[in-house]
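Residues per chain, in single letters:
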Amino acid sequence: MVRLTRAQQQEHTRAAVLAAAREEFADRGYAEAKVDRIAERAELTRGAVYSNFPSKRALYLAVLVDMAGAAATEEVPRKSPASVADALGAFARVWLERLPLVGEASAGGHLRLRSLSGVFDDDRARAGLAQVVRLEALLLALALEAHHPRDTERVRRVRLAELALTLLNGSAGLAETAPGFGDPFDVARACEHLAGIDLADVWDPPHLPYVPPAHPCDEAWTPPAGVSDEITGRGVALDADGVIAVLGTGRLAAAEEAVRGAPPGEQVTVAVLTSDPAEIGRLVRLRVGDLGGCLRRVFAPDAWPGLRLVLDDRALTASALGLTDADDATEAAVRVRDGRIVARAEGRGAVHAAATADAPKAPRSRRSGA
């Protein structure tokens, strides 16, 4: 008999817990599921479950993340939909695949729906979810904004994206609480018609004129290796020219300040930081991963959001930038030029300050690493 290494044994135990938890949550839902029963299903002790997952909520989110990853597809279209209306309809149809059709019964439907009903029942968790949804709306909006006539200015479509996501998430909620109500195809058609509503969407936050400028500097920059973009699923080079923002999960809405403030075509990277990777971190991974998967199936790569999103669960990016006390309330940003940090900002408005910094190029001898 081959003896497993400690790492292999831990992975085996974790897989057994996830499989048992998926069965328990599918049978009983989140509220009625019990950790003791999950341990019995996995033929493990309660302590073995908690040694891998600190709470029932963390375990439930891990099950959803695992399911979403297994269901991911790489069907990338060659061209994007022809109009905003077509794009919204196509996005809605892909997003709504998780909903059962009228009259269809599905075991474990709340798992398929990625249901969060009753999961986030405290103020801190709900506030985190609200910030994640703001980020989702920005990502969808950036893809929709790629559709504009060449002779007109780019139109902000964040409010349109928020409206579409409200309709889609509301449909999922009804599908769970009132099975069989509503037709996903009708919802998709309704999303198409949202594109015709004039929402007078403008980007003009009143606090921006009062944001202090970023501090010019000239510092060596050694970014962490092996960093992946959660939107494209590809690696991202953090030493490229552009803006790197480190945002705690309580400040995700500030991501738009980097997107709107940075010059067109410049790389903007947001590293998402949390002090609770087991729960809030997994929530971000679940929601962004799901949305990113939908975007990749609807839009051609040239319309994917230019924003690069990194989940900094271990605070590697934050530490590399010298942010030793970073937490969920953190907002900090730097501008990178020729592989060096040439501007820094921290606190409210830091992302806008770094994105709009007029950073001169560093002297040649310093850029070469001297």
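No experiment lies behind these values; they were computed from the predicted model shown.

What counts, and where the lines are drawn
- Residues numbered from 1 in each chain as written.
- Predicted model: local features only at pLDDT ≥ 70, side-chain atom pairs only at ≥ 80, totals over all residues.
- Heavy atoms only, no water.
- Helix = DSSP H or I, 4+ residues; strand = E, 2+ residues; numbered from the N terminus.
- Contact = heavy atoms within 4.5 Å.
- Salt bridge = Lys/Arg side-chain N within 4 Å of Asp/Glu carboxyl O.
- Buried < 20%, exposed > 50% of the residue type's maximum accessible area, 1.4 Å probe, protein only.
- Pairing = 2+ DSSP bridges.
- Right-handed = clockwise from strand over helix to strand, strands pointing away.
- Axes fitted to C-alpha atoms, helices over the stretch in contact; angles between N-to-C directions.
- Parallel < 35°, antiparallel > 145°, perpendicular 65-115°, else oblique.
- Left-handed = near helix turned anticlockwise from the far one by under 90°.
- Nonpolar A, V, L, I, M, F, W, Y, C, P; charged D, E, K, R; others polar.
- Polar contact = N/O pair within 3.5 Å; in protein donor to acceptor, adjacent residues only side chain to side chain.
- pLDDT = per-residue confidence, 0-100.
- Phe/Tyr/Trp six-rings, centres within 6.5 Å; stacked < 30°, edge-to-face > 60°.

> Would you take a moment to explain the environment of K56 for this structure?
Of note, K56 is situated in helix α4 (residues 56–71). On a C-alpha basis, the gap between K56 and V35 in space is 6.7 Å, while along the polypeptide they are 21 residues apart. Contacts of K56, omitting those with residues within four sequence positions, involve F25, Y30, A31, A33 and V35.

> I keep staring at the pattern of salt bridges and nothing clicks. Help me out?
Side-chain pairs of opposite charge can arise whenever the charged atoms involved come near each other. Tallying each qualifying case throughout the model produces 29 salt bridges. Between R287 and E136 there is a salt bridge whose closest N-O contact spans 2.9 Å. With R287 in helix α11 (residues 277–298) and E136 in helix α7 (residues 123–144), the pair connects residues that are 151 residues apart, well separated along the chain. Residue R287 is classed as buried on the basis of its relative accessible area, which comes to 14%. Residue classification places E136 among the buried residues on the basis of a relative accessible area of 4%. Here R251 makes a salt bridge to E331, at a shortest N to O gap of 2.6 Å. Of this pair, R251 sits in the loop between β2 (242–248) and α10 (255–261) while E331 sits in strand β5 (residues 331–337), and the two are 80 residues apart along the sequence. An identical accessibility class is assigned to R251 and E331; each is buried.

> Explain the pairing of strand β4 (residues 307–311) to me, please; I cannot follow it from the model alone.
Consecutive side chains along a regular strand alternate between the two faces of the sheet. Here β4 lies mainly inside the structure; 4 of its 5 residues are buried. Of the pairings in the sheet, the one linking strand β3 (residues 267–273) to β4 comprises 5 bridges and is parallel in character. By the bridge assignment, T269 is partnered in β4 with R308. Since β3 and β4 lie parallel, the crossover through α11 that links them has a hand, and here it is right-handed.

> Is there a simple way to think about the sheet that holds β5 in this case?
Within a sheet, each strand pairs with its neighbour through backbone hydrogen bonds, oriented either parallel or antiparallel. What the 6 strands build is an open sheet, ordered β1-β6-β5-β2-β3-β4; its pairing is mixed. The open sheet has two edge strands with one neighbour each: β1 (215–220) and β4. Direction aside, the axes of adjacent strands within the sheet are offset by 25 degrees on average.

> Quick question: what am I supposed to make of the packing of helix α5 (residues 84–95) against helix α8 (residues 158–177) here?
Geometry of a packed helix pair, given as the angle between the helix axes and the separation of the axes. Where α5 contacts α8, the two axes come as close as 11 Å, and the packing angle between them is 30 degrees. Considering their axes alone, α5 and α8 lie roughly parallel with respect to each other. Along this stretch, α5 crosses α8, giving a crossing that reads as right-handed. Residues V84, L88, F91, A92 and W95 of α5 touch α8, and the partners they reach there are L160, A164, L165, L168, N169 and A172. Residue classes in the contact of α5 with α8 are distributed as 10 nonpolar, 1 polar and no charged.

> Whenever I open this one, unusual backbone geometry confuses me. Can you help?
Glycine aside, residues mostly have negative phi, and peptide bonds are mostly found in the trans state. The phi angle at R114 is positive, at roughly 55 degrees, despite the residue not being glycine. Mapped onto the fold, R114 is located in the loop between α6 (109–112) and α7. For A200, which is not glycine, the phi torsion reads 50 degrees and is therefore positive. Tracing the backbone through its elements, the reader meets A200 in the loop between α9 (184–194) and β1.

> I'm lost on the side chain of R251 in this one. Help?
Judged by relative accessible area, which is 13%, R251 ranks as buried. One polar contact links R251 to E331, side chain to side chain, over a distance of 2.6 Å.

> How should I be thinking about the confidence of the model for the protein chain in this particular structure?
Parts of the model with low pLDDT should not have their predicted coordinates read in detail. With 91% of its residues at a pLDDT of at least 70, the protein chain reaches an overall mean of 88. Confidence drops under pLDDT 50 across residues 359–370; counting only partners more than four residues distant or on other chains, this segment forms 17 contacts.

> What is the right way to look at the packing of aromatic side chains in this model?
Following the criterion strictly, the structure yields 3 aromatic pairs and no others. Summarising the aromatic geometry, the rings of F25 and Y30 are spaced 6.1 Å apart at their centres and angled 20 degrees between planes, so their arrangement reads as stacked. Assigned by exposure class, F25 and Y30 land together as buried. Assessed through its relative accessible area of 0%, F25 is described here as buried.

> Help me understand the environment of A333 in this model?
Checked against the element boundaries, A333 lands in strand β5. Classification of A333 by relative accessible area gives buried; the value is 2%. C-alpha separation for the pair A333 and T232, spaced 101 residues apart in sequence, amounts to 22 Å. Contacts of A333, omitting those with residues within four sequence positions, involve I244, A245, A343, R344, A345, A350, V351 and A354.

> For this particular structure, what's the right way to read the pairing of strand β6 (residues 340–346)?
Counting buried residues in β6 gives 5 out of 7 residues, a clear majority hidden from the surface. Note that β1 and β6 share 4 bridges and pair antiparallel. Looking at the pairing, E219 lines up with I341 of β6. As paired elements, β5 and β6 share 6 bridges and run antiparallel to each other.

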